[in-house]
Amino acid sequence: MHWEDLLSLQKQGDTKKRLRIEENESRTGFEVDYDRVIFSSAFRSLQDKTQVIPLSKTSFVHTRLTHSLEVSVVGRSLGRQVGKAILEKHPHLYKVHGYQSTDFGAIVAAAALAHDIGNPPFGHSGEKAIGTYFLSGEGQRFKSKLTPKQYQDLVDFEGNANGFKILTESKNGVYGGLRLTFATLGAFMKYPKESLPKKPTKHIADKKYGVFQNDVAFFKEVAETLGLMKRGAEENMSYHRHPLCFLVEAADDICYTIIDFEDGINLGWIPEETALEYLLQLVKDSINKEKYAGLSQSKDRLAYLRSLAINTLISEAVQIFIENEESILKGEFTEALLDRSRYRAQITDIIKESISKIYQSPEVVEKELAGYQILSTLLDAYTAAFENEANGTLRHYDKLMLKSFEGTPIPSSTYGYLMLCCNHVSMLTDGQALQLFQKIKGNL
């Protein structure tokens, strides 16, 4: 893969190639990407979507919105530092094409800002709830009407693939979704493959999938324009990752490792003494002991350690990327950047503590169970309405449910309308989903 292709400014529908040297330096196309994401309704809805604790009323706790903003900030730092090193190694990118280190930062920041934009309500349990509905719930009745790949899209409903749809889908007269640059879309495409075959290898890009069947054509156009290398059998669309995707992933890994941990501390689920001990282990090589000893408040000590931990892991991820740039460009790098980190043991210890004390806490589990019931009920009502319309047995109740889709072109295929239902439900916030569930149940 080649940086000249990977840094493409092309957008959906372009007929003429966009050149970096012709960009307006006051606001490049990559910076426009960031603005378009942050002003989108899909991004704003993240303010009421779960990061860790569903339907939390606690101001301490991060939502998907605050998490995404923090991941974006970390991603920008990662991108700029890597960009500086890349331009020093490949000076023609600046001298001939006009690329700046800030371009790398802007691409990673925009992709990181959007990285959770496709996640349904109630966090990752929302994805599982949608998948379970089609795998073992009422939705399994549609299996015979779908191809294996279409059915797999539903039973393994994936927020990353849904995010690509949201960012790129023409809808309600808006052509090409947000019309982001292909470079940003490439950095966003964490798992550049279809839903089948499922986890064919242990390669990091095979962990999940990144595109639904009805978006494959444009996904392929983006991948080939960027010059992403193909992987696997020809009949199954799969590509190596865009190199900057590794930085987006690292930014997310850094934030959820450190900041979810901090949420657990602020909620009182993880003792402060334990937390400080874990963080001290992570930053022991870079801590200013005199400065730390001078902090009298535990919250100030925690903030200092959190900041230092994030900076430590940013430097670590940048170093690993630069050391492995050639193998990344060749498609030979097969794991997350921080999996190569010398701090891997400390990161693992923090994540284990978070799993035990936060992700598996009674409050989180109880609300995830409620999320399953809520999303299953919504999907049942919507899919039944579309099914009855297709069969000519539309009820008045179905007509009321379909009012939510007024102005939206209704697909004629079973797969099309099922994906429309899933996309619609996924765009709801936690609060909207709960409110709609209560109305369906007759609780006004």
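Keep in mind that what you see is a predicted model, and the values were worked out from it rather than measured.

Remarks on the overall build of the chain
So, point 1. Looking only at helices and strands, the chain features 21 helices and zero strands.
So, point 2. A globule of 444 residues ought to have a C-alpha radius of gyration of about 22 Å, and the chain, at 22 Å, matches this closely.
So, point 3. Along the first, second and third principal axes, the C-alpha set of the chain runs to 75 × 55 × 40 Å.
So, point 4. Counting the 444 residues in the chain, one finds 55% classified as buried.

Describing empty space enclosed by the protein
So, point 1. This model, assessed by the stated rule, comprises two cavities of 30 Å³ or more.
So, point 2. Approximately 50 Å³ is the volume attributed to the largest cavity.
So, point 3. Lining the largest cavity, in full, are Met1, His203, His240, Arg241, Phe246, Ile328, Gly331 and Phe333.
So, point 4. In the lining of the largest cavity, the residues fall into four nonpolar, three polar and one charged.
So, point 5. Here the second largest cavity is characterised by a volume of approximately 30 Å³.
So, point 6. Lining the second largest cavity are Asn160, Phe188, Met189, Lys190, Tyr191, Pro192, Gly210 and Phe219.

Here's the deal with the packing of aromatic side chains
So, point 1. Per the stated rule, a full pass over the model turns up 14 aromatic pairs.
So, point 2. Taken together, a centroid distance of 5.4 Å and an interplanar angle of 90° make the contact between Tyr382 and Phe405 edge-to-face. Here Tyr382, found in helix α18 (residues 362-391), pairs with Phe405, found in the loop between α19 (396-402) and α20 (414-426); they are 23 residues apart in sequence, far enough to count as distant. Across the pair, Phe405 and Tyr382 agree in class, each one buried.
So, point 3. Joined through ring pairs, the aromatic side chains of Phe142, Tyr382, Phe386, Phe405 and Tyr417 make up one cluster.
So, point 4. Over the aromatic face of Phe246 sits the side chain of Arg241, whose NZ or CZ is 5.0 Å from the ring centroid.

Brief notes about the side chain of Gln152
So, point 1. Note that Gln152 resides in helix α8 (residues 148-155).
So, point 2. Among residues more than four places away in sequence, those in contact with Gln152 are Ser195, Leu196, Lys198 and Tyr209.

Some thoughts on the layout of surface pockets
So, point 1. One number sums up the size of the second largest pocket: a volume of about 510 Å³.
So, point 2. Elements with a minimum of two residues in the lining of the second largest pocket: α3 (41-44), α9 (159-168) and α20.
So, point 3. Counting residues per element, the lining of the second largest pocket draws most heavily on α20, which supplies three residues.
So, point 4. Its residues assigned to classes, the lining of the second largest pocket comprises seven nonpolar, eight polar and three charged.

Details of the environment of Asn172
So, point 1. Within the secondary structure, Asn172 is located in the loop between α9 and α10 (182-188).
So, point 2. For Asn172, the contacting residues outside a window of four places in its chain are Gly407 and Thr408.

Details of the packing of helix α13 (residues 272-283) against helix α15 (residues 298-323)
So, point 1. Direction vectors running N to C along α13 and α15 enclose 30°, while the axes themselves pass 9 Å from each other. By the angle class used here, α13 and α15 are roughly parallel. Crossing handedness for the pair α13 and α15: left-handed. Residue-level contacts link Glu272, Leu276, Leu279, Leu280, Leu282 and Val283 of α13 to Ser298, Arg301, Leu302, Leu305, Leu308, Ala309, Thr312 and Leu313 of α15.
So, point 2. When grouped by side-chain class, the residues that make up the contact of α13 with α15 number ten nonpolar, two polar and two charged.

Considerations on the side chain of Thr257
So, point 1. Residue placement: Thr257 occurs in helix α12 (residues 245-266).
So, point 2. Among the residues examined, Thr257 registers a relative accessible area of 4% and is labelled buried.
So, point 3. Engagement of the side chain of Thr257 in a polar contact is seen with the backbone oxygen of Asp253, the distance being 2.6 Å.

A word on α20
So, point 1. Here α20 spans 18 Å end to end across 13 residues, near enough to the 18 Å set by a 1.5 Å rise per residue.
So, point 2. Counting buried positions along α20 gives twelve out of 13 residues, so the element sits mostly inside the fold.
So, point 3. Restricting attention to buried positions, one finds in α20 the residues Thr414, Tyr415, Gly416, Tyr417, Leu418, Met419, Leu420, Cys421, Cys422, Asn423, Val425 and Ser426.
So, point 4. At its buried positions, α20 is contacted by α7 (124-135), α8, α9 and α18.

Things to note about the packing of α12 against helix α17 (residues 344-359)
So, point 1. Where α12 meets α17, the axes come as close as 9 Å, and the angle between the chain directions of the two elements is 40°. Judged on the interaxial angle alone, α17 and α12 are oblique. Every pair of crossing elements has a handedness; the one defined by α12 and α17 is left-handed. Here Tyr256, Thr257, Ile258, Asp260, Phe261 and Gly264 of α12 lie close against α17, whose contacting residues are Ile347, Ile350, Ile351, Glu353, Ser354, Ile358 and Tyr359.

Considerations on helix α21 (residues 430-440)
So, point 1. Listed as buried for α21 are Asp430, Ala433 and Phe437. Axial view of α21: buried residues confined to an arc of 65°, hence all on one face.
So, point 2. Lining the buried residues of α21 we find α18.
So, point 3. A positive backbone phi angle near 85° is found at Gly442, which sits one or two residues after α21.

Description of the nonpolar core
So, point 1. Grouped together as the largest cluster of nonpolar side chains are 93 residues, with contacts concentrated most on Trp3, Leu78, Leu244 and Leu337.
So, point 2. Contacts of Leu337, omitting those with residues within four sequence positions, involve Phe246, Leu247, Ala250, Ala317, Ile320, Phe321 and Ile328.
So, point 3. With 36 residues, the next largest nonpolar core counts Phe142, Tyr209, Leu378 and Leu418 among its residues.

Remarks on the state of the cysteines
So, point 1. With the rule as written, the count across this model stands at zero disulfides.
So, point 2. Among the cysteines around Cys255, which has no disulfide bond, Cys245 carries the closest sulfur, lying 15 Å off.
So, point 3. Classification of Cys255 by relative accessible area gives buried; the value is 1%.
So, point 4. In this model Cys422 remains outside any disulfide bridge; the closest cysteine sulfur is found in Cys421, 6.8 Å from its own.

The rules behind these values
- Residues numbered from 1 in each chain as written.
- Predicted model: local features only at pLDDT ≥ 70, side-chain atom pairs only at ≥ 80, totals over all residues.
- Heavy atoms only, no water.
- Helix = DSSP H or I, 4+ residues; strand = E, 2+ residues; numbered from the N terminus.
- Rg over C-alpha atoms; globule rule 2.2 N^0.38 Å.
- Buried < 20%, exposed > 50% of the residue type's maximum accessible area, 1.4 Å probe, protein only.
- 1 Å grid on protein atoms, 1.4 Å probe; cavity = no way out; pocket = protein on both sides within 12 Å on 5 of 7 lines; lining within 4 Å.
- Points joined across faces, edges and corners; volume = space filled by probe spheres on them.
- Nonpolar A, V, L, I, M, F, W, Y, C, P; charged D, E, K, R; others polar.
- Phe/Tyr/Trp six-rings, centres within 6.5 Å; stacked < 30°, edge-to-face > 60°.
- Lys NZ or Arg CZ within 6 Å of the ring centre and 35° of its normal.
- Contact = heavy atoms within 4.5 Å.
- Axes fitted to C-alpha atoms, helices over the stretch in contact; angles between N-to-C directions.
- Parallel < 35°, antiparallel > 145°, perpendicular 65-115°, else oblique.
- Left-handed = near helix turned anticlockwise from the far one by under 90°.
- Polar contact = N/O pair within 3.5 Å; in protein donor to acceptor, adjacent residues only side chain to side chain.
- Expected span 1.5 Å × (residues − 1).
- Arc of directions from axis to C-beta.
- Core = buried A, V, L, I, M, F, W, Y, C linked by side-chain atoms within 4.5 Å.
- Disulfide = S-S within 2.5 Å.

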